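# Survey of secondary and tertiary structure
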Amino acid sequence: NEGYTRQMVEEMHSYCRDLQQPVTFPIRNSLLGLPGTMENLQWLLQQSDRYTITIWTSIFDVHRIYDLVSYRNAFSHKRVYYDLPKQQEDDFRVAMVLPESKVSPLSFFPMERRD
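Just so it is clear, the structure is predicted and the values come from calculations on it, not from any experiment.

Each value, and the rule that gives it
Residues numbered from 1 in each chain as written. Predicted model: local features only at pLDDT ≥ 70, side-chain atom pairs only at ≥ 80, totals over all residues. Heavy atoms only, no water. Helix = DSSP H or I, 4+ residues; strand = E, 2+ residues; numbered from the N terminus. Buried < 20%, exposed > 50% of the residue type's maximum accessible area, 1.4 Å probe, protein only. Contact = heavy atoms within 4.5 Å. Areas by Shrake-Rupley, 256 points an atom, 1.4 Å probe, with all protein chains shown as cover. Core = buried A, V, L, I, M, F, W, Y, C linked by side-chain atoms within 4.5 Å. Salt bridge = Lys/Arg side-chain N within 4 Å of Asp/Glu carboxyl O. Pairing = 2+ DSSP bridges. Axes fitted to C-alpha atoms, helices over the stretch in contact; angles between N-to-C directions.

## Some points on the overall build of the chain
Of regular secondary structure, the chain possesses five helices and five strands. What you see in the chain, going N to C, is helices and strands ordered as α-β-α-α-β-β-α-β-α-β. Buried residues in the chain amount to 40% of all 115 residues. Sequence separation of at least 24 residues holds for 80% of the intrachain contacts in the chain that already meet a minimum separation of 6. Total accessible area computed for the chain in this model is approximately 7,100 Å², and 53% of it derives from carbon and sulfur atoms.

Given below as structure tokens:
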């Protein structure tokens, strides 16, 4: 599985560059850690101040809290939105207030089921 390639983000930009309204691009969290994805998304956000990304995941996706916190720190907080299942959102909010060095790279979503 490949992440977001330069060709993909250039195509996204080509569709939206002439629009006047704000645009958010839905980005699947499980693809963020793949090679080149972060750099390509940073390039995309540099193309217009109107662009934002929305990082989303499903309740069945397994990923590290540490990665989500790292991704948050890689982008301007004003340009990233999150669409997470409630349990993951709660765990992410807890992790966001910790220094990144205190978030265990061994902590995975979903942590414990609370529903």
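Here the narrative resumes.
## Observations regarding the nonpolar core
If you look at the biggest cluster of nonpolar residues, it comprises 26 residues, and the most contacted ones within it are Phe25, Ile27, Leu41, Leu44 and Ile53. Secondary-structure elements contributing two or more residues to this core are helix 1 (6-16), strand 1 (23-28), helix 2 (29-32), helix 3 (37-46), strand 2 (51-56), helix 4 (65-74) and helix 5 (86-96). In terms of residues, this core owes the most to one element, helix 3, which gives five residues. Excluding anything up to four places from it in sequence, Ile53 contacts Thr24, Phe25, Ile27, Leu45, Phe75, Arg79, Val80 and Tyr81.

## Observations concerning the pattern of salt bridges
Counted according to the given criterion, the structure contains two salt bridges. Here Glu89 ties to Arg93 by a salt bridge, and the two come within 2.9 Å at their closest N and O atoms. Residue Glu89 and its partner Arg93 are located together in helix 5, separated by four residues, close to a single helical turn.

## A word on the pairing of strand 2
Two faces belong to every sheet, and in a regular strand the side chains alternate between them. For strand 2, a buried count of five out of six residues is recorded, marking the element as mostly surrounded by other parts of the structure. By the bridge criterion, six bridges tie strand 1 to strand 2 in an arrangement that is parallel. When the sheet's bridge partners are listed, Arg28 is paired in strand 2 with Trp56. Summarising the sheet, strand 2 and strand 4 (residues 80-83) pair through four bridges and their orientation is parallel. Bridge pairing in strand 4 places Ile53 opposite Val80.

## Let's talk about the sheet that holds strand 1
Remark on secondary structure: sheet strands pair via backbone hydrogen bonds, oriented parallel or antiparallel. Across the sheet, which stays open at both edges, the three strands sit in the order 1-2-4 with parallel pairing between neighbours. Sheet topology places strand 1 and strand 4 at the edges, where each strand pairs with a single neighbour. Neighbouring strand axes in the sheet, compared pairwise and without regard to direction, differ in orientation by 30 degrees on average. Docked against the sheet, helix 1 engages strand 1 and strand 2, running at close to 155 degrees with respect to strand 1.

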